[in-house]
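Structure assessment
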Amino acid sequence: MRKVDMTETSASRAPVTRKGSELPVSVDTTKMVQFLVEKGLTEVPPEFLLPKNLRPSSTRMKNIPRTFQIPVIDMAKLNHPDFGENVVREIGRACEEWGFFQVINHGFSAELMQGAMQMCGEFFALPMEEKKLYSMKTSSGIGYGRRMAVKEGVRVDWVDRLGFWSASEEHRKRQPLDVICPAAFNATMSQYGDEILKLAHVILSALSRHAGLDGNYLLDRLGETNTAGVRTGMNYYPPCPQPDLVMGIGQHADGSVLTIVQQDGTPGLEVLKDGLWVPIPAIPEAFVINVGDQIQMISNERYKSVVHRVVAGNGSGRKSISNFFLPNWETVVSPAPRFCTRSNPARYQPVKFSEYITEFMKVPLGEERFVDLFKVPARNEGNQYLISAEGTKGKICPQRFSD
Ligand SMILES: O=C(O)CCC(=O)C(=O)O
Ligand SMILES: [Fe+2]
């Protein structure tokens, strides 16, 4: 098996540190998007500017068929003795074909969803001097700042973020961040995180069943249940005077097991399907769920971690809450035996999750797929891995996700 030495990969563009260790970061609050917008800027600063060929207007197809939409799955009947299997099938198919779906009637309290979005609004409404108290200190993404605050000279996304552990209690009590203002923040977001964790378990159990396995199979692959957790990112995409020149979040796939996103009713999220950027409708009472890299690896690519992005807008801004369901830090992730056969051998080599995610957080989002660093090289016989043409290897290659 090929050995991945992350010091020789794209991660090497970050300052050299021990593999798996976080980098110190320092957040300059005068560069936060919200700060710039509140100062009344009318032109996008150069570090946000996209080259012409990557702008939303030049990459979006105008006439996507209306039927071409990520599935919206009604979860109400998941436990129904007659109809439960239909819901399981819908979830499984969505994860095979799109890597994305929305859920409604998911059992999550509407009041708690509203409460969380309110906490998000109240946090970003705090004076900058107060938000600054929660600034990110390391590349872990915990705190106020933005992803890749570590890297100079990389195109910057039009988004500010507050990252924290919302579940489980183990993680919450150990995190170097305690948002004490607004007062209700911790209480609401702990409750929210616990509920998100339950929803993640339900989805994972449905996926296990879809693969013909015991309901706990995928969960068991993540390490001890009570040590898996939810990292939450509250995102604020302020109104942009020139939205076509920037990206809210550039194209990327998530390093999580699953990601569960709550949108505020404002569109912006788009998923790459068969080479087309497909907008995801903003249904406020729904959650958008997507497969992350860990499930793509564990399921040996049966369930796909698909590239997506967020476009900016010039309306009143957009808020969202991204919840990343993560395995135990010590878990070694690899294709599970039940997803591998002689004709479809393991496509990934094992990687310890803590190393995966700490390095993932240091690499600027871009065209390269971090997960590709762990691919087993294609062999001549019996390997189903679709190798992209030389030159596109390691780059986003939509066809790879549409077969
Ligand atoms: O804001 C959103 O809707 C999604 C954000 C996202 O893709 C992420 O946080 O990874
Ligand atoms: Fe994402």
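Residues numbered from 1 in each chain as written. Chains lettered and ligands numbered in written order. Predicted model: local features only at pLDDT ≥ 70, side-chain atom pairs only at ≥ 80, totals over all residues. Heavy atoms only, no water.

Overview of the coordination of the iron ion (ligand 2)
Summarising the metal site, the iron ion (ligand 2) is bound by the protein donors H252 (NE2), D254 (OD) and H308 (NE2), whose distances to it range over 2.1 to 2.3 Å. Expressed as a motif, the donor residue spacing for the iron ion (ligand 2) is H-x1-D-x53-H. Linking H252 in strand β6 (residues 249-252) with H308 in strand β11 (residues 308-310), this pair joins segments that are 56 residues apart in sequence. In terms of burial, H252 and H308 fall into one category: buried. (Donors = N, O, S within 2.8 Å, 3.2 Å for Na, K, Ca; no water. Helix = DSSP H or I, 4+ residues; strand = E, 2+ residues; numbered from the N terminus. Buried < 20%, exposed > 50% of the residue type's maximum accessible area, 1.4 Å probe, protein only.)

A look at the packing of aromatic side chains
To describe a pair of aromatic rings, one takes the distance between the centres and the angle between the planes. Counting across every chain of the model gives 19 aromatic pairs. Ring centres of F124 and Y144 lie 6.4 Å apart, and the angle between their planes is 55 degrees; this geometry places the pair in the tilted category. On the criterion of sequence distance, the pair formed by F124 in helix α4 (residues 110-125) and Y144 in strand β3 (residues 143-145) is long-range, its members being 20 residues apart. By the burial criterion, F124 is buried, and Y144 matches it. Residues F360 and F370 carry aromatic rings whose centres are separated by 5.7 Å and whose planes lie at 85 degrees to one another, so their mutual orientation is edge-to-face. (Phe/Tyr/Trp six-rings, centres within 6.5 Å; stacked < 30°, edge-to-face > 60°.)

A few points about the site of ligand 1
In the vicinity of ligand 1, 14 residues are found, and the nearest of them are R161, Y237, R318, S320 and S322. At a separation of 3.1 Å, an oxygen atom of ligand 1 approaches a polar side-chain atom of H252. Between ligand 1 and D254, the relevant distance is 3.3 Å, taken from an oxygen atom to a side-chain nitrogen or oxygen of the residue. The fraction of the free accessible surface of ligand 1 (300 Å²) that becomes covered by protein chains is 97%. Going through the elements one at a time, β5 (229-237), β6, β11 and β12 (318-326) are the ones with two or more residues in the shell around ligand 1. For the shell around ligand 1, the element with the most residues is β12, which contributes four residues. Each residue belonging to the shell around ligand 1 can be placed in one class, and the counts come to six nonpolar, five polar and three charged. (Near = heavy atom within 4 Å. Polar contact = N/O pair within 3.5 Å; in protein donor to acceptor, adjacent residues only side chain to side chain. Areas by Shrake-Rupley, 256 points an atom, 1.4 Å probe, with all protein chains shown as cover. Nonpolar A, V, L, I, M, F, W, Y, C, P; charged D, E, K, R; others polar.)

A word on α4
In this model, α4 (16 residues) spans 22 Å end to end at C-alpha, consistent with the 22 Å of a helix rising 1.5 Å per residue. Every buried residue belonging to α4 is among L112, M113, G115, A116, M117, M119, C120, F123 and F124, and all of these are buried. Two to three positions downstream of the cap, the backbone nitrogen of E111 sits 3.2 Å from a side-chain oxygen, assigning the N-cap of α4 to S109. (Expected span 1.5 Å × (residues − 1).)

Focus on the side chain of S166
Position of S166 among the secondary structure elements: in strand β4 (residues 160-167). Once you skip the residues sitting within four places of it in the chain, S166 turns out to touch R172, M189, S190, G193, D194, V230, T232 and N323. (Contact = heavy atoms within 4.5 Å.)

As for the pairing of strand β10 (residues 287-291)
With five of its five residues buried, β10 lies for the most part within the structure. Bridge count between strand β2 (residues 100-104) and β10: four bridges; the pairing is antiparallel. Its bridge partner being in β10, F100 is matched across the sheet by N290. Pairing between strand β7 (residues 258-263) and β10: five bridges, direction antiparallel. Within β10, the residue paired with V261 across the bridge is V288. (Pairing = 2+ DSSP bridges.)

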